[in-house]
Amino acid sequence: MKKTYFVRGAIELAVLLEVLSVMLITTFAAEIPMPFSNKDYSFFIVAPNITSFTQIENHLKEDTTPAWLRIDSLKIGGQEQEDAQVRVRVVGSRSENHACSENEYNSSTSGMYCSICTRCTTRGNWVPFVLCRKTINYAVSSNVKESRYTYSSLGFQSTNLQASQEVSGWWSADSTGYANYARPDAG
């Protein structure tokens, strides 16, 4: 009789430990940011202060859906900033693996490559930047495909007048389920 209770108790303890370990693994796994599809790309970039902006690598734009963006880390001066925002713009290009600088956009002689790029972020009306925060899935509208640009990328600019911001996360030139994503504020 005692042996039966001991075996039953041991089995119950093993099942309890297994359930707890699965819950623990799931909890830790939830903290690891993951992309939504195989067309999502990770990025890390240093967004310069308000005098300029920088772009991440561009990717093929296949349809007219908004770009998807989620920032997983946003630092100013090496310190993680919980409530900070960064300025983001969508950039269209007809050339693969090309990113234009702010000076190239604003130059009267923008050169061969930047004549094929445009800032395309929209929020009802055209605005040069939108504001994005950490851990929010954003649908960043653009007119890249409608303007017949083949490639899309994101440009970033710090919201801090004194310092640059380190930004990392995931993005996609196209999105699915974008009706459920947040729309960024005009920036």
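Because the structure is a prediction, the values reported are computed rather than measured.

What follows deals with the packing of aromatic side chains. In the structure shown here, the tally under the stated rule is one aromatic pair. One residue, Arg89, lies across the ring of Phe129, its end atom 3.7 Å from the ring centre.

What follows is about the environment of Val90. Turning to its location among the elements, Val90 is positioned in strand β6 (residues 86–93). For the pair Val90 and Leu154, spaced 64 residues apart in sequence, the C-alpha to C-alpha distance is 4.7 Å.

With that settled, the discussion passes to the nonpolar core. Membership of the largest hydrophobic core comes to 24 residues, with the highest contact counts inside it found for Phe43, Leu69, Val86, Val88, Leu154, Phe156 and Val167. Of all the elements in the fold, those that place two or more residues in this core are β1 (41–47), β4 (67–76), β6, β10 (130–132), β11 (138–140), β12 (151–158) and β13 (165–172).

The next thing to look at is the pairing of β4. With eight of its 10 residues buried, β4 lies for the most part within the structure. Looking at chain direction, β4 and β11 are connected through three bridges and run antiparallel. Its bridge partner being in β11, Trp68 is matched across the sheet by Ala139. As paired strands, β4 and strand β5 (residues 79–80) are joined by two bridges and run antiparallel to one another. In the strand pairing of β5, Ile76 is matched with Gln79. What sits between the antiparallel neighbours β4 and β5 is a turn of two residues, in which Gly77 has the positive phi angle 60 degrees.

Calculation rules
- Residues numbered from 1 in each chain as written.
- Predicted model: local features only at pLDDT ≥ 70, side-chain atom pairs only at ≥ 80, totals over all residues.
- Heavy atoms only, no water.
- Phe/Tyr/Trp six-rings, centres within 6.5 Å; stacked < 30°, edge-to-face > 60°.
- Lys NZ or Arg CZ within 6 Å of the ring centre and 35° of its normal.
- Helix = DSSP H or I, 4+ residues; strand = E, 2+ residues; numbered from the N terminus.
- Core = buried A, V, L, I, M, F, W, Y, C linked by side-chain atoms within 4.5 Å.
- Buried < 20%, exposed > 50% of the residue type's maximum accessible area, 1.4 Å probe, protein only.
- Pairing = 2+ DSSP bridges.

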